[in-house]
Amino acid sequence: LAWLQKSDYPTVVCSKKLPSPLCPVTANKGFEASSYLAFIVHNYARLPAHVAFLHGHETAWHQKLDIMKAISCADYKQHGFISLNSHWCTEFMGLTENGCWGVERPLLEAHWDELFRPFLNRDPPPRIITDAGAQFIVSRERILRLPLEAYRTWLSFLMRDSEPNQDKLKAIVFESMWAIIFGEPDIDDKDRNTAKFRCDPTL
């Protein structure tokens, strides 16, 4: 995690092995989704104006942008949600384009009434187009649009005992849903997200 030393912003590390007072996750479940939710649950009343939720790596196949430059270029004061990746995926009723998702659709639909309908007050999206990889900036205002109970419910779901493959599917459910959870359209596009940057993070 030495690359985080390049950050000009305060950082919180959500570790599943070491004590993390601001982001306690008691078991290695749910991939990054459990860390993101744990941070929100334990800081709901004292969230900063904006939060960049990141993985522990500096580079990845889904991350074509320099993360630190992307954050500095992101016009996050004007936009409540900005993806920091660049791997747009289409998922339509279990069928996929671009080699993305689809495997989580049965789990998403099976648990929709338990997890999402009470808080989003809607049916499952028939089609989702969003940026894969689950790294994004979101405003405190967008987070607080939903009650604390929503985030507690989702974290509890991720932390339930399940088969390893089921654990991965749970994480992918949230990977496909973060933008929708935080108020973005079901069908989004790369150009719309690119317009949220004040400068070109690829230069």
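For the structure given in this document, a descriptive report is provided here. Source: prediction; values computed, not measured.

1. Examining the packing of helix H1 (residues 31–43) against helix H8 (residues 164–181)
Running from amino to carboxyl end, H1 crosses H8 at an angle of 60 degrees, the nearest separation of the two axes being 7 Å. When the axes of H1 and H8 are compared, the pair comes out oblique. Where H1 crosses over H8, the two elements pack in a sense that is left-handed. In this structure, H1 uses Phe31, Ala33, Tyr36 and Leu37 to contact H8, whose residues at the interface are Asp167, Lys168, Ala171, Phe174 and Trp178.

2. Topic: empty space enclosed by the protein
Taken as a whole and assessed by the stated rule, the structure comprises 1 cavity of 30 Å³ or more. For the largest cavity, the calculated volume is near 120 Å³. Along its surface, the largest cavity is lined by 16 residues, and Phe81, Ser83, Thr130, Asp131 and Ala179 are the ones closest to its centre. Mapped by element, the contributors of at least two residues to the lining of the largest cavity are strand S2 (81–83), strand S5 (127–131) and H8. When residues in the lining of the largest cavity are grouped by element, the largest group, 3 residues, is from H8. The residue makeup of the lining of the largest cavity, split by class, is 6 nonpolar, 5 polar and 5 charged.

3. Examining the pattern of salt bridges
Tallying each qualifying case throughout the model produces 11 salt bridges. The shortest N-O distance in the salt bridge between Arg122 and Asp186 comes to 2.7 Å. Placement of the pair is Arg122 in the loop between helix H5 (117–120) and S5 and Asp186 in the loop between H8 and helix H9 (190–194), with a sequence separation of 64 residues. Through salt bridges with shared partners, a single network forms among Arg142, Glu184, Asp188, Arg192 and Lys196.

Cut-offs applied
- Residues numbered from 1 in each chain as written.
- Predicted model: local features only at pLDDT ≥ 70, side-chain atom pairs only at ≥ 80, totals over all residues.
- Heavy atoms only, no water.
- Axes fitted to C-alpha atoms, helices over the stretch in contact; angles between N-to-C directions.
- Helix = DSSP H or I, 4+ residues; strand = E, 2+ residues; numbered from the N terminus.
- Parallel < 35°, antiparallel > 145°, perpendicular 65-115°, else oblique.
- Left-handed = near helix turned anticlockwise from the far one by under 90°.
- Contact = heavy atoms within 4.5 Å.
- 1 Å grid on protein atoms, 1.4 Å probe; cavity = no way out; pocket = protein on both sides within 12 Å on 5 of 7 lines; lining within 4 Å.
- Points joined across faces, edges and corners; volume = space filled by probe spheres on them.
- Nonpolar A, V, L, I, M, F, W, Y, C, P; charged D, E, K, R; others polar.
- Salt bridge = Lys/Arg side-chain N within 4 Å of Asp/Glu carboxyl O.

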